[in-house]
Amino acid sequence: MNIEKIRKDFPILEREVHPGKKLVYLDNAATSQKPNQVIDVISEFYRNNNANIHRGVHKLSEESTEMYDDAHTKVSKFINADKMEEMIFTRNTSESINLVMHSLVDGKLKKGDEIISTVMEHHSNIVPWTILKDKGIKVNFVDINEKDGILKLEQFEELINKNTKLVTCIHGSNVLGTINPVKEIGKIAHDNDAFFLVDGAQSVPHMKVDVKKMDCDFFAFSGHKMLAPTGIGALYGKEEILENISPFMYGGDMIKEVSLEKSSWNDLPWKFEAGTSNISGGIGLGAAVDYLESVGMDDIRDHEIKLTEYALNRLEEVDGLKLFGPKDMKIRGGVVSFVLNKVHPHDVASIMDTEGVAVRSGHHCAQPLIERLGENSTTRASFYLYNTKEEVDKLIEGIEKVKKTFRL
Amino acid sequence: MYQENILEHYENPQNFGEISNPTVSVEDSNPLCGDKLGVHILIDDKEIIKDIKFHGHGCAISMAAMSMLTEKLLGKNINYIKDLSKDDILEMLGIPISMTRIKCALLSLKISKLGFIEYHKDK
Ligand SMILES: Cc1ncc(COP(=O)(O)O)c(C=O)c1O
């Protein structure tokens, strides 16, 4: 993997964010930067092809339709789904999970049913389920082992029962970096006839994902964290399940035939894509997948492992710094959360910013997890394919500056 | 942003603690940052702030602002808070505050306003 060449594809990485301070972008878990190859495909689409899809018979409509449909095929292949019918485009992970919730609530979930989630989740995989309390549906949460930040797997077995209709978990943690054993968790769900939904927002961008191997029923992720634009995300669902659950939104494009009394639903995946889609975003996501595949997901994962290992080693040497998450790189992604003595993470991130280093501070939309870790917030650095060891060094220099500022 | 006076207030916050019989007690948070501060105010018959103490946790900016504001408010009429503005807080801090940190600086103002409202609610 040629990092120098890769970095040239991302024009933003050349930016100075403060006089004399070049951008060191370590907030990839929030959103990734975009390569020219994606930016160009989108602007080229608007310059050349733009039309509405699935309706016109004219040339541009035909081209746009083909490009948008093609993107579905690319993205489904990327996660090893069997066919594009199983690939629904949404706005983001949150919308994908909400889609599953609404579609299951309309016919598959009833009073007395239970759901199993985990304390490791992003709010987007907690709130859609806890609001079902009003409908008499209970959510149980699997705890973590706080020392190494891994799930207490045995609790899935303990919590599951005949009322459990859905088991869901985060694939890669956006706070701890933990990569969860989704295949094993899915087996527990299926042995008990429950659906299995995986939040893949932090895994798909960074490693090879195979939805068939993990045998999940639903898999949600966001385009903007994997080099694609904002406003496009995806939901994979098994065909036979998608055939059998209710649509999420109703209106144009998702129907086959409409009379004033009754409508029949369109074929998959369009049954779940009501109204004019984010066509350019979808095409951009296809281009992002092309880019990631041209680099190679295994190489990207290797690169991030090396960077993360290096970062963890260097951070361990910093006095007064507490790290979270597993040490074993086999089950760890490129996310590093830490707290520094009594310095508030907000102050850490602000001082880092003056050096051009972009890191995140706060609860990372995972308040229950942060609370479980006994913190109010953490500082987080997260890596991607274009990050370098030199940038990790800048992170460490930034921390030294924080310590100096706070006279530690 | 991290000038001496800010760090001084952060490391040695003034009026930090609690009052056992406050006239009003309010708290608020900036959930995104995980900052949470509360304030106890003791107000006498003439509506003068006799004592004011704050508690909780926050970043250097929110803590320093709260610390400075309690110093400013002590001995003043509670209605002084009514006209207190964002600019007053920024002037009090005397440092350039970036867009992203304005919420931290203004948590103190928000809590004081809540205290003012709480005081008049009981009447
Ligand atoms: C693990 C995880 N799940 C879900 C989300 C939500 O993604 P989005 O905001 O794109 O819906 C995020 C993004 O922060 C995430 O990290």
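Focus on the sheet that holds strand β12 (residues 233-237) of chain A
Residues and elements named next belong to chain A.
In step 1: If you walk across this open sheet you meet the 7 strands as β4-β12-β11-β10-β9-β5-β6, and the pairing is mixed. Only two strands of the sheet have a single partner each, and these edge strands are β4 (87-90) and β6 (138-142). Pairs of neighbouring strands in the sheet enclose a mean axial angle of 20 degrees, with direction left out of account.
In step 2: Looking at chain direction, strand β9 (residues 164-170) and strand β10 (residues 195-199) are connected through 5 bridges and run parallel. Of the residues in β10, the one forming a bridge with Ile-170 is Asp-199.
In step 3: Strand contacts of helix α3 (residues 59-78): β4 and β11 (218-222), with the helix running at about 115 degrees to β4, the strand carrying the most contacts.

Structural notes on the state of the cysteines
Each disulfide consists of a covalent bond between the sulfur atoms of two cysteine residues.
In step 1: This model, assessed by the stated rule, comprises 0 disulfides over all chains.
In step 2: Lacking any disulfide linkage, B:Cys59 is separated from the closest cysteine sulfur, that of B:Cys104, by 3.9 Å.

Overview of the sheet that holds strand β2 (residues 35-43) of chain B
All names here are of chain B.
In step 1: Judged by pairing direction, the sheet is antiparallel, and its 3 strands sit side by side in the order β1-β2-β3 without closing on themselves. Every other strand in the sheet has two partners, leaving β1 (24-30) and β3 (49-57) as the edge strands with one partner each. Adjacent strand axes in the sheet meet at a mean angle of 15 degrees when their direction is disregarded.
In step 2: Pairing analysis gives 8 bridges linking β2 to β3, with the strands arranged antiparallel. Paired with Val-39 across the two strands is Phe-54, which belongs to β3.
In step 3: Those strands touched by helix α2 (residues 60-73) are β2 and β3, and its axis lies near 170 degrees from that of β3.
In step 4: Set on the sheet, helix α4 (residues 102-121) makes contact with β1 and β2; between it and β1 the angle comes to about 150 degrees.

Observations regarding the pattern of salt bridges
All names here are of chain A.
In step 1: Tallied over the full model, the rule gives 27 salt bridges over all chains.
In step 2: Residue Lys-238 pairs with Asp-215 through a salt bridge whose shortest N-O separation is 2.8 Å. With Lys-238 in the loop between β12 and α9 (239-244) and Asp-215 in the loop between α8 (211-214) and β11, this pair connects stretches of sequence that are 23 residues apart.
In step 3: Taking relative accessible area as the criterion, Lys-238 reaches 15% and is therefore assigned buried.
In step 4: A relative accessible area of 35% means that Asp-215 is categorised as partly exposed.
In step 5: Taken together, the salt bridges that share partners define one network made up of Asp-143, Glu-146, Lys-152 and Arg-372.

Quick notes on helix α12 (residues 345-354) of chain A
Residue and element names in this part refer to chain A.
In step 1: In terms of burial, α12 is a largely internal element, 8 of the 10 residues being buried.
In step 2: Among the residues making up α12, those that are buried are Pro-345, His-346, Asp-347, Val-348, Ala-349, Ser-350, Ile-351 and Met-352.
In step 3: The first or second residue beyond α12 is Gly-356, which carries a positive phi of 85 degrees.

Rules and cut-offs
Residues numbered from 1 in each chain as written. Chains lettered and ligands numbered in written order. Predicted model: local features only at pLDDT ≥ 70, side-chain atom pairs only at ≥ 80, totals over all residues. Heavy atoms only, no water. Pairing = 2+ DSSP bridges. Helix = DSSP H or I, 4+ residues; strand = E, 2+ residues; numbered from the N terminus. Axes fitted to C-alpha atoms, helices over the stretch in contact; angles between N-to-C directions. Contact = heavy atoms within 4.5 Å. Disulfide = S-S within 2.5 Å. Salt bridge = Lys/Arg side-chain N within 4 Å of Asp/Glu carboxyl O. Buried < 20%, exposed > 50% of the residue type's maximum accessible area, 1.4 Å probe, protein only.

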